[in-house]
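Coordinate inspection notes
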Amino acid sequence: IAKFMNRSYLYGVSGLKNYGLTNDPSLIAPVASALNYATASPEDIANDFVRQVGLLVTQSNGLIDGSETLVWAAAPSAINDIRRTNNYGLSAEKKIRESYPNIEFIPVPEYDTASGRLAQLWAREIEGQPTGEVAFTEKMRAHAVERYSTYTRQKKSAGTFGAVIYRPFAVTQTLGI
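Residues numbered from 1 in each chain as written. Predicted model: local features only at pLDDT ≥ 70, side-chain atom pairs only at ≥ 80, totals over all residues. Heavy atoms only, no water.

**Some points on the pattern of salt bridges**
- Applying the stated criterion across every chain, the model contains 7 salt bridges.
- A salt bridge links Asp48 to Arg51; the nearest nitrogen and oxygen atoms lie 3.0 Å apart. Here Asp48 and its partner Arg51 are both found in helix α2 (residues 42–59), 3 residues apart, which amounts to about one turn of the helix.
- Among the residues examined, Arg51 registers a relative accessible area of 33% and is labelled partly exposed.
- Put simply, Glu93 and Arg83 hold a salt bridge, and the shortest N to O gap is 3.1 Å. (Salt bridge = Lys/Arg side-chain N within 4 Å of Asp/Glu carboxyl O. Helix = DSSP H or I, 4+ residues; strand = E, 2+ residues; numbered from the N terminus. Buried < 20%, exposed > 50% of the residue type's maximum accessible area, 1.4 Å probe, protein only.)

See the structure below:
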């Protein structure tokens, strides 16, 4: 059940108007990255991150300025790439944290896609209201135990709404980092 819930939070449920964090039609389409984080210098990665925050500022008409709690969800290998140091011992992560101290890095293995590594930058909340959340009707419901002559069995079920995104302008996506 936990694997299904995780999949529904990311991709929704096909055949229903139930969307996830990656395929919600209200989200702005991912922009192609001009930078490969695996080979780029920490300075270039930090500057690319500033560009991503700039997209948030532009999309929100200045409602977001970078001082909010930001969440950067990316493939674990991409998060590892921002921790790589240069000859002076500085990493992109350190430079990013200096500019945006309220940043959270969240590894999402499913963001390592066939089209390239996906990264999403979220403003966690704006003016006290969340940007989005994952939603469910029931995490897990245990049904009645059925007794038989040589065994017992019990069904378990769960329900999901996928991801509910209230403010899609507070999300940027970059593909191919």
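**Remarks on helix α4 (residues 92–99)**
- Among the residues of α4, those classed as buried are Ala92, Glu93 and Ile96. Looking straight down α4, one finds that the buried residues subtend no more than 95° of arc, so they occupy a single side.
- Residues of α4 that are buried sit in contact with α2, α3 (76–82) and β3 (103–107). (Arc of directions from axis to C-beta. Contact = heavy atoms within 4.5 Å.)

**Notes on α2**
- Compared with an ideal rise of 1.5 Å per residue, which puts 18 residues at 26 Å, α2 spans 26 Å between its outermost C-alpha atoms and is within 8% of the ideal.
- In this fold, the buried residues of α2 make contact with β2 (70–74), α3, α4, β3, β5 (116–123) and β10 (171–175). (Expected span 1.5 Å × (residues − 1).)

**A closer look at the packing of aromatic side chains**
- Taken as a whole and judged by the stated rule, the model has 5 aromatic pairs.
- Here Trp72 and Phe105 contribute two aromatic rings whose centre-to-centre distance is 5.9 Å and whose plane-to-plane angle is 85°, an arrangement assigned as edge-to-face. With a gap of 33 residues between them, Trp72 in strand β2 and Phe105 in strand β3 connect regions that are remote in the sequence. The same class applies to Trp72 as to Phe105, namely buried.
- Taken together through their ring pairs, the aromatic side chains of Tyr37, Phe49, Trp72, Tyr100 and Phe105 make up a single cluster. (Phe/Tyr/Trp six-rings, centres within 6.5 Å; stacked < 30°, edge-to-face > 60°.)

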